[in-house]
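# What the coordinates show
So you can see what is in the structure, the chains are spelled out below.
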Amino acid sequence: MKLRVNPAACSGHGACAELLPELITLDEWGYPLLTADGVPDGLTRQARRAVRDCPALALFLSPSIDSEETQKLPRRPA
Amino acid sequence: MNGITSSTALWYTSRATGVVALLLLTAVMVLGILISRQGRLPGLPRFGATSLHRSVSLLAVAFVALHVATAILDPFVTIGIAAAVVPFASHYEGFWLGLGAISLDLMAALIVTSLLRGRIGRRTWRVVHWLAYLTWPVAFAHSIGSATDMQRGGLLYLGVACAVAVAAALAWRVTAARRAVPPGQRPARVLAEATAGRRLERDRRARAGAGAR
Amino acid sequence: MSVDYLAAAPPAPITGLPRLIPADPATDHSLAGHLARLGPVPHRGDPRRLIGVVEAAGLTGRGGAAFPVHRKLAAVAGQARDRRRAVVVANGAEGEPASGKDAALLWGAPHLVLDGLQLAAQATGATEAFLYVHRGEELSRRLLGALRQRSAAGLDRVEVEFVQAPDVFLAGEESALVSWINGGPARPAFKQPAVYERGVAGLPTLVQNVETLAHLGLIARFGADWFRAAGTPAEPGTMLVTVHRADGTRYITETGLGTPLSALLPDELAGPADGRIRGGVQAVLAGGYHGAWLAPRQAAGLALSNASLRPAGAFAGAGVLAALPPGRCGLAETARVGRYLALESAGQCGPCFNGLPHIAGALDELAGPRPRRQALADVQRWAGLVTGRGACHHPDGFARFVRSALTVFRAELNAHASGRCTAADHTPFLPVPAVTAGS
């Protein structure tokens, strides 16, 4: 499970970084920098909470196997 | 029918929980408005407002549920379950109660969509959540209209205070929105600020350099 | 766009091609002329068979991303089977000021593009088609005329709607295009769901560059083997290139992928036999404003293909090649382009609309005398902060362009640090439109 953010929806509120400082920090403009690794098991609950509490609904969890590129098209022609 | 002469516990509980529900809903409304414009509550971390909004709204649901349940169970007045959820189905204080039913339905929509936020998608959730701006005034009107003890004395002041709080939050939100920079102009604004910052820095260096020479 | 590239052919033809645009600009561009030059599109049974032919041909997108076309076609066709309706869009909004190939193609061979659009519609089972083009009175008139001719001849099974794209850099970005056609602003969207699933009107949508569709029109006529007769085995076929020569001439040419850059910029890059580069060029920009600067010695050993250019930090992109003449300030050029690109940010994603203007400001400082040492460090840091953090690839391309400038123009950076500039000529070289804030 990977933490991902929708950058167009993110407004730099910063609640996520406070709830999950182990995985999320803020850049100098207040926008989230997410860890590239998956969410460790011990932090799953906090990660779900951060997703739930994002006021812009910009943070979400996705399965780690898909990178952004492969998500754009199916792996094999339909 | 005048509630203050009735002696049933259910009746009083219904009234009391109604007042508390209104207070809680007012708090939810103000918090929600604050969050929508990235506002922060002083002294609280950034996730404080969202957590509080969520907790208080769930508490409000509990009080509203009690308020509705006691009103239905009260044998003194004929408010059936239908009247609670279907607007204008009751004979007793038809109009104001009907407003209560409307606000209950709206609340249910808000709460259910919020609990299922992950599944229904951002856009759907946002559209439904705009109904909050309708829910609170309807709930407020229901309170003032169906509870005559809110129409004078301490409870009236309470009602007015709630209205003032929401109005102030709304006013703040509108002015904040007006001051916000639309996306198309943001890069230009940042560039102007960055350039101004650089100019100040360069002048400062020049003065310091001139002093050193 | 600010530059008129619809100029004559290059002084000497670079390859034996053209296939796409007739070499003689006086060639009849009407439907009759088009059919006389290339013949009609043959009907070979099930239109969906074309997808297999395209796969054999190895056609990749010519809009910059070079994505395999058969996979896009198949994805939309698959969605259309379930959803019964689909949309195809011919994307002629190149957005990039340094590129004029899409306009040149639409001007010189509109019917070839429109053939390709119909073929794509039939292969995917699309029920609606759009032609998306930047504003331009003459070009629009020619295109609308072409559509009318086809309609009169009963050629277009799917009716094509003409849509004018806004004059912004990101207008040709796939999701920005879809947003515009849907009635919203031309701003990129986060890629979930993908455009091939939910695009125009929520329908499965195929967006292809007009050059890609033109190639499709030729492949349908002449086959996969013919297409592969040019280019390399890994990157077959030809592509249109907008060439900016060091002497200031600019033109469009068509060349096979894998053509050495020294063949495309002969005077600039071809050195004497001992391998030393003469003073014909200071740097080469490959891939447009999201591409990368290359040092002349490096560029002389590279070819116009992703296989050759990507390891060097650049890419073939939409085929823009510019040779910066000596005597110009590469940092000033980069700063000017950087400022334009920063202001063309959609203003949606925090890292982009904050980072790009900050970088542009620092570039301005580096292009001037005695910049602070901090400015260089700032640019490097911010370039890292913006990459991969937008809804589209604008910040990534911008960072690539800027970082390559800092490498290639290192000597200039050092000169500026001492208060000198090696440039004698400060007139702008790379084309940059005047931008007004807020669109």
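Values in this document were obtained by computation on a predicted structure and should not be read as measured data.

Our next topic: the overall build of chain C. Each helix and strand counted, chain C has 17 helices and nine strands in total. A globule of 439 residues ought to have a C-alpha radius of gyration of about 22 Å, and chain C, at 22 Å, matches this closely. With the principal axes as the frame, chain C shows a C-alpha extent of 70 × 50 × 40 Å. Residues classed as buried in chain C amount to 56% of the 439 residues present. Within chain C, counting contacts between residues at least 6 apart in sequence, those at least 24 apart form 72% of the total.

Here we take up the nonpolar core. C:Val113, C:Leu117 and C:Val284 are the most contacted members of the largest nonpolar core, which totals 146 residues. The contact partners of C:Val284, leaving out residues within four places of it in the chain, are C:Leu261, C:Leu265, C:Leu294, C:Pro296, C:Ala299, C:Leu321, C:Ala322 and C:Ala323. Grouped together as the second largest cluster of nonpolar side chains are 37 residues, B:Ile33, B:Ile35, B:Trp136 and B:Phe140 included.

As a further point, take helix α3 (residues 69-83) of chain C. Residues and elements named next belong to chain C. Between the first and last C-alpha of α3 there are 21 Å, a value that for 15 residues agrees with the 21 Å anticipated at 1.5 Å per step. For α3, the buried fraction is high: 12 of the 15 residues fall into the buried class. Inspection of α3 places Val69, His70, Arg71, Lys72, Leu73, Ala74, Ala75, Val76, Ala77, Gly78, Gln79 and Ala80 among the buried residues, and these make up the whole buried set. Phi turns positive, to about 75°, at arginine 84, one or two residues after α3.

Next up on the list: the sheet that holds strand β3 (residues 160-165) of chain C. Residue and element names in this part refer to chain C. Pairing is parallel in the open sheet, where four strands are placed in the order β3-β2-β1-β4. Two strands lie at the open edges of the sheet, namely β3 and β4 (205-209), each paired on one side alone. Each neighbouring strand pair of the sheet contributes to a mean axis angle of 20°, computed without reference to strand direction. Both strand β1 (residues 87-91) and strand β2 (residues 128-134) contribute to a ladder of five bridges, which runs parallel. For asparagine 91, the partnering residue across the bridge sits in β2 and is tyrosine 132.

All names here are of chain C. Here five strands make up an open sheet; going across it, the order is β6-β5-β9-β7-β8 and the pairing mixed. Two strands lie at the open edges of the sheet, namely β6 (250-256) and β8 (292-294), each paired on one side alone. Averaged over all pairs of adjacent strands, the angle between strand axes in this sheet comes to 25°, irrespective of strand direction. The sheet contact formed by strand β5 (residues 238-244) and β6 spans seven bridges and is antiparallel. Residue methionine 239 lies in a different strand from β6, and its bridge partner there is threonine 255.

Residues and elements named next belong to chain C. In terms of burial, β2 is a largely internal element, six of the seven residues being buried. Here β2 pairs with β3 via six bridges, running parallel. In the sheet register, leucine 131 faces β3, and the bridge partner there is phenylalanine 162. Read from β2 through helix α6 (residues 137-153) to β3, the crossover connection turns out right-handed.

Contacts between the two partners involve 10 residues from chain A, matched on the other side by 10 residues from chain B. Here the side of chain A that touches chain B gets three residues from one element, more than from any other, and that element is helix α1 (residues 15-19) of chain A.

Moving on, we get to the domain arrangement of chain C. Residue and element names in this part refer to chain C. Taken domain by domain, chain C consists of domain 1 (31-228), domain 2 (238-324) and domain 3 (330-417). Here the C-alpha centroids of domain 1 and domain 2 sit 28 Å apart. Here the element with the most residues in the side of domain 1 that touches domain 2 is helix α4 (residues 101-108); it accounts for three residues. When grouped by side-chain class, the residues that make up the side of domain 1 that touches domain 2 number four nonpolar, four polar and five charged.

Residue and element names in this part refer to chain C. When you line up the elements, leucine 366 lands in helix α14 (residues 350-366). A C-alpha to C-alpha distance of 46 Å links leucine 366 and phenylalanine 227, two positions 139 residues apart in sequence. Aside from chain neighbours lying at most four places away, what touches leucine 366 is Leu331, Pro371, Ala375, Leu376, Leu413 and His416.

This part covers the interface of chain A and chain C. Across the contact, 16 residues belong to chain A and 19 residues belong to chain C. Class assignment for the residues of the side of chain A that touches chain C results in 10 nonpolar, four polar and two charged.

Once that is clear, we can look at the confidence of the model for chain C. Residues and elements named next belong to chain C. In the predicted model, chain C carries a mean pLDDT of 91, and 93% of its residues have values of at least 70. No element of chain C has a lower mean pLDDT than helix α10 (residues 266-269), at 86, and none a higher one than β1, at 98. Taken over the whole predicted complex, pTM reads 0.89, whereas the ipTM for its chain interfaces reads 0.88.

What counts, and at which threshold
- Residues numbered from 1 in each chain as written.
- Chains lettered and ligands numbered in written order.
- Predicted model: local features only at pLDDT ≥ 70, side-chain atom pairs only at ≥ 80, totals over all residues.
- Helix = DSSP H or I, 4+ residues; strand = E, 2+ residues; numbered from the N terminus.
- Rg over C-alpha atoms; globule rule 2.2 N^0.38 Å.
- Buried ≥ 20, exposed ≤ 12 C-beta atoms within 10 Å, placed from the backbone.
- Contact = placed C-beta atoms within 7 Å.
- Core = buried A, V, L, I, M, F, W, Y, C linked by C-beta atoms within 7 Å.
- Expected span 1.5 Å × (residues − 1).
- Pairing = 2+ DSSP bridges.
- Axes fitted to C-alpha atoms, helices over the stretch in contact; angles between N-to-C directions.
- Right-handed = clockwise from strand over helix to strand, strands pointing away.
- Domains from an automatic or database assignment.
- Nonpolar A, V, L, I, M, F, W, Y, C, P; charged D, E, K, R; others polar.
- pLDDT = per-residue confidence, 0-100.

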